[in-house]
Amino acid sequence: MLKELLEGEISQKEVLNYYNANVTYLPLMEGVNGLVFNYKDINNIIINKNLSYYKRRKTLLHELAHIELNQLCQRDKDLFAFHIQEYEDEADRYIKYLLN
Ligand SMILES: [Zn+2]
């Protein structure tokens, strides 16, 4: 899904619909680009609204990678994926892989 988005074959809206995802832009503390959590089958993506357009876009891709890699279901009680470094690296590697 992300691959098709990056290649311009489908729109961001279609990807969000497909993953049942909502994006909210909020002022987050410095150093936090965004986070994602699943609640009641909806994937909630929060992006730091203080970021530049480019960084907001990059962060959205990163959070979508967490969803696409199914990283949100692997932890039972912990809803938030953004602080788990192993997953952070995997999400970033995945985007790099798709861009190459
Ligand atoms: Zn992350």
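See above for the structure.
Residues numbered from 1 in each chain as written. Predicted model: local features only at pLDDT ≥ 70, side-chain atom pairs only at ≥ 80, totals over all residues. Heavy atoms only, no water.

> Describe the sheet that holds strand 1 (residues 21-26), naming the residues involved and giving the relevant values.
Spatial ordering of the open sheet is given by 1-3-2, a layout of three strands whose pairing is mixed. Sheet topology places strand 1 and strand 2 (34-39) at the edges, where each strand pairs with a single neighbour. Across this sheet, the average inter-strand angle for adjacent strands is 20°, counted without regard to direction. In terms of strand pairing, strand 2 meets strand 3 (residues 42-48) through six bridges, oriented antiparallel. Directly across from N38, in strand 3, lies its bridge partner N43. (Pairing = 2+ DSSP bridges. Helix = DSSP H or I, 4+ residues; strand = E, 2+ residues; numbered from the N terminus. Axes fitted to C-alpha atoms, helices over the stretch in contact; angles between N-to-C directions.)

Remember, this is a structural readout, not a statement about activity or role.
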